[in-house]
Amino acid sequence: MSFESRTATRLRPFMTTIFAEMSALAVEHGAINLGQGFPDTDGPESMLEAARRAITDGHNQYPPGIGVPELRHAVARHQREHYELDYDPDREVLITVGATEAIAGAVVGLIEPGDEVIMIEPYYDAYAATVAMASGVRRVVPLVEDGDGFRLDRERLADAFGPKSAVFIVNTPHNPTGTVLSDDDIAEIARLCIEFDVIAVCDEVYEHLLFDGRTHTPLATLPGMRERTLRISSAAKTFNCTGWKVGWISGPPELIAATKTAKQYMSYVGSGPFQPAVAHALDNEMGWVRASAAALQDKRDMITAALLDVGFDVHRSEATYFVCADPRPLGVDDGIEFCRSLPERIGVAAVPVSVFADDREPWHHLVRFAFAKRDDVIAEAADRLRKL
């Protein structure tokens, strides 16, 4: 019996990730890894010092199952100050092992086998795997080209809702395209969720990393949505600490209880000494975050200019760590094979966007580059890209 045949049928499509494949190629060929979305610099020094202090002070055993009180209260304060959203830190905030576990806990805890989960295509790959683990059925709403950017396909959005719809995973700012959904799109999602009694699970991990003066509007702030929305964020992208795996999910008590029921049998708890450090950062280091977002905007401009100089068509990146580029002007129309060849050819790794879609055809050519790297790394990557 083969190894693959021992894996549950519903999970076989997810046995390997594109990030593992491209990162391995980057290591093999000594390439600059612009594929996976992680920064190469650390977060604010006071946060790092708070983590060191927590370790020294003995915060190294199991934290409370719902998260340490100081972080839950800091999360609640943060959302009240930024969005005027009031959450009870003891009943409406749950600390998770990163945003990915928050998404998994919500979906597994809320849907029944056969329920439909709507998501925006292309999607973060963990969404599809999570729905499969919960024996759900995914329905996708595509983004479509809009000038040099993307917008939600409103006709397909309306068609995605039906009697079996249970959850809509809403991702804005959007990974992998860097799109920020418009206020009109957010309002239409809210209208449909209310009409069809659908729970919104909102992945908002890039909530503070928007460019060109844009602002983030949480779906939970719209009329009628707080009571049916779970709002997810994390320290990973906000504070440059992806390895700490500190996330949180906020929402009404009955939805948090469902998430916690599933989450407690996934990791139980995690990130004990890092939770107080993230609490400190939420309360004290938002100035650092604003400076980080401004620096990311400059990095976006650097990689965009380099890609345009090489001959790519480049889509507008409105937020996140990512920019999508079209290599067809270079005579390339297969993004997967192009990305597989890049590390050896020029010493740069990227990821193809089509692997994040059910319908790969509209995305088969697009390539995503991550720019959350030091300026000198981006400059070196730009020099290597010019070899194309």
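Computed from a prediction, not measured in an experiment: that's the story for all the values here.

K.L.:
Summarise the sheet that holds strand 10 (residues 313–314); cite the residues concerned and give the values.
P.N.:
Here we have four strands laid out as an open sheet, ordered 10-11-14-13, and antiparallel in their pairing. The open sheet has two edge strands with one neighbour each: strand 10 and strand 13 (351–352). The sheet contact formed by strand 13 and strand 14 (residues 367–370) spans two bridges and is antiparallel. Bridge assignment links V351 to a residue of strand 14, and that residue is R368.

K.L.:
So what about the side chain of D326? Which residues, and what values?
P.N.:
Looking at where D326 falls in the secondary structure, it is placed in strand 11 (residues 322–326). Those residues within four positions of D326 in sequence are excluded, and the remaining contacts are F312, D313, H365 and L366.

K.L.:
So what's going on with the layout of surface pockets? Which residues, and what values?
P.N.:
Approximately 520 Å³ is the volume found for the largest pocket. G37, T100, Y124, K237 and K245 are the residues nearest the centre of the largest pocket, which is lined by 25 residues in total. Contributions of two or more residues to the lining of the largest pocket are made by helix 4 (98–110), helix 5 (125–133) and helix 8 (235–238). At four residues, the largest contribution of residues to the lining of the largest pocket is made by helix 4. Residue composition of the lining of the largest pocket, by class: eleven nonpolar, nine polar and five charged. In terms of lining, the second largest pocket is formed by 19 residues, of which the most central are P13, T16, I18, V355 and R360. Residue assignment for the lining of the second largest pocket shows that the elements contributing at least two residues are helix 1 (18–29), helix 5 and helix 12 (335–346). The biggest single contributor to the lining of the second largest pocket is helix 5, with four residues.

K.L.:
Let's hear about the sheet that holds strand 2 (residues 93–96): which residues, and what values?
P.N.:
Strand order in this open sheet of eight strands is 2-9-8-7-6-3-4-5, and the pairing throughout is mixed. Two strands lie at the open edges of the sheet, namely strand 2 and strand 5 (149–152), each paired on one side alone. For this sheet, the mean inter-axis angle between neighbouring strands, taken without regard to orientation, is 25°. Sheet strands touched by helix 3 (residues 69–83): strand 2, strand 8 (229–234) and strand 9 (247–250). Its angle to strand 2, the strand with the most contacts, is close to 115°.

Conventions used here
Residues numbered from 1 in each chain as written. Predicted model: local features only at pLDDT ≥ 70, side-chain atom pairs only at ≥ 80, totals over all residues. Heavy atoms only, no water. Pairing = 2+ DSSP bridges. Helix = DSSP H or I, 4+ residues; strand = E, 2+ residues; numbered from the N terminus. Contact = heavy atoms within 4.5 Å. 1 Å grid on protein atoms, 1.4 Å probe; cavity = no way out; pocket = protein on both sides within 12 Å on 5 of 7 lines; lining within 4 Å. Points joined across faces, edges and corners; volume = space filled by probe spheres on them. Nonpolar A, V, L, I, M, F, W, Y, C, P; charged D, E, K, R; others polar. Axes fitted to C-alpha atoms, helices over the stretch in contact; angles between N-to-C directions.

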